[in-house]
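# Commentary on secondary and tertiary structure
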Amino acid sequence: MSLPSTPVCLSRLSLMCMAAMVLGGCANTTRVAAPETDPWPVSFKEPGPWLQADAGTQAVTVTDQWWQLFNDPVLNGLQDRLVVGNQNLRSVVAQVAAARATLGSSQAARLPTLGLNASATRADSLNSDNTAGQPPRNTVSLSGSASWEIDLWGRLSHGVDSAQASYQASLQDLAAARLSAQSTLAQTYFALRTAEAQQALIERSIAVYQRSL
């Protein structure tokens, strides 16, 4: 029976010692205490007028024609033409009209329905032997009808509420679409004016450089 050589045993022993040292180093970890922090304040340190709104101040109201604040006749004319010729706004206006018609139809369903029918006939009277008898006789009849659906489970009232909400939503969509188109037009107009001013400045700079040259 042969025994392992001495170098192999020494290498195994060295590996075991190294592993024990690594495990011991991992085990000896120092715990760092968390730094102490001040408690959260219950109120802000600096009091000021921003804490409470002044009820006496009145908010500035902006009119629907807000672009008139710039006092630009060209911009005013463009805005007037925008509302008339914009196809997207016309589409939204048609949706508002459809929602208004739906609301009127749902409201009418809660009212009684009245009907009136009229008819007139003219007939000749004949004898038993198919000979002419009395002169022709005119007959006129008039009849009327009335019906009313009882809103027992609230179906009609809920339908009116739904139509009213749809109509209000369509109005808000129209206002948002109009404001978006108007703001886009104003931004594009001001960007054009800025580009024209920059172009005029560059032309003046070129003229100054030419005179200096």
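What comes next is a walk through the structure.

Procedures and definitions
- Residues numbered from 1 in each chain as written.
- Predicted model: local features only at pLDDT ≥ 70, side-chain atom pairs only at ≥ 80, totals over all residues.
- Heavy atoms only, no water.
- Helix = DSSP H or I, 4+ residues; strand = E, 2+ residues; numbered from the N terminus.
- Buried < 20%, exposed > 50% of the residue type's maximum accessible area, 1.4 Å probe, protein only.
- Contact = heavy atoms within 4.5 Å.
- Areas by Shrake-Rupley, 256 points an atom, 1.4 Å probe, with all protein chains shown as cover.
- Expected span 1.5 Å × (residues − 1).
- Polar contact = N/O pair within 3.5 Å; in protein donor to acceptor, adjacent residues only side chain to side chain.
- Core = buried A, V, L, I, M, F, W, Y, C linked by side-chain atoms within 4.5 Å.
- Axes fitted to C-alpha atoms, helices over the stretch in contact; angles between N-to-C directions.
- Parallel < 35°, antiparallel > 145°, perpendicular 65-115°, else oblique.
- Left-handed = near helix turned anticlockwise from the far one by under 90°.
- Nonpolar A, V, L, I, M, F, W, Y, C, P; charged D, E, K, R; others polar.

### Quick notes on the overall build of the protein
A tally of helices and strands in the protein yields 4 helices and 2 strands. Starting at the N terminus, the α and β elements of the protein follow one another as α-α-α-β-β-α. Scored against the burial criterion, the 213 residues of the protein give a buried share of 12%. In the protein, the share of contacts with a sequence separation of at least 24, taken over all contacts with a separation of at least 6, comes to 68%. For the protein, the exposed surface amounts to about 18,400 Å²; the carbon and sulfur share of it is 61%.

### Quick word on helix H4 (residues 155–212)
Here H4 spans 85 Å end to end across 58 residues, near enough to the 86 Å set by a 1.5 Å rise per residue. What H4 keeps buried is the set Leu156, Ser157, Val160, Ala163, Tyr167, Ser170, Leu174, Ala181, Gln182, Ala186 and Tyr189. Looking at the buried side of H4, the elements it contacts are helix H2 (73–85) and helix H3 (87–108).

### Describing the side chain of Gln182
When you line up the elements, Gln182 lands in helix H4. When neighbours within four sequence positions are excluded, Gln182 is seen to be in contact with Asp64, Trp66, Trp67, Gln79, Leu82 and Val83.

### Some details on H3
Compared with an ideal rise of 1.5 Å per residue, which puts 22 residues at 32 Å, H3 spans 32 Å between its outermost C-alpha atoms and is within 8% of the ideal. On its buried face, H3 is in contact with H2 and H4. Between a side-chain oxygen at the N-terminus of H3 and the backbone nitrogen of Asn88 the separation is 2.9 Å; the capping residue is Asn86.

### Observations regarding the nonpolar core
With 8 residues, the main nonpolar core is built from Val92, Val96, Ala99, Leu103, Val160, Ala163, Tyr167 and Leu174. Elements supplying a minimum of two residues to this core: H3 and H4. Beyond its immediate sequence surroundings of up to four residues, Val96 is in contact with Tyr167, Ser170, Leu171 and Leu174. Residues Trp66, Trp67, Leu75 and Ala186 belong to the second largest nonpolar core, which totals 5 residues.

### Focus on the packing of H3 against H4
It is the contact of H3 with H4, at a shortest axis distance of 9 Å, that shows an interaxial angle of 165°. By the angle between their axes, H3 is roughly antiparallel relative to H4. Both H3 and H4 take part in a crossing whose hand is left-handed. When H3 is examined against H4, the residues Leu89, Val92, Val93, Gln95, Val96, Ala99, Arg100, Thr102, Leu103, Ser106 and Gln107 are found in contact with a partner set consisting of Gly159, Val160, Ala163, Gln164, Ser166, Tyr167, Ser170, Leu171, Asp173, Leu174, Ala177 and Arg178. Partitioned by chemical class, the residues of the contact of H3 with H4 number 12 nonpolar, 8 polar and 3 charged.

### Describing the environment of Val92
Within the fold, Val92 resides in helix H3. Judged by relative accessible area, Val92 falls into the buried class, the value being 14%. Excluding its chain neighbours within four sequence positions, the residues that come into contact with Val92 are Ser170, Asp173, Leu174 and Ala177.

### Notes on the side chain of Gln79
In this structure, Gln79 sits in helix H2. With residues near it in sequence (within four places) discarded, Gln79 still touches Trp67, Gln182, Leu185 and Ala186.

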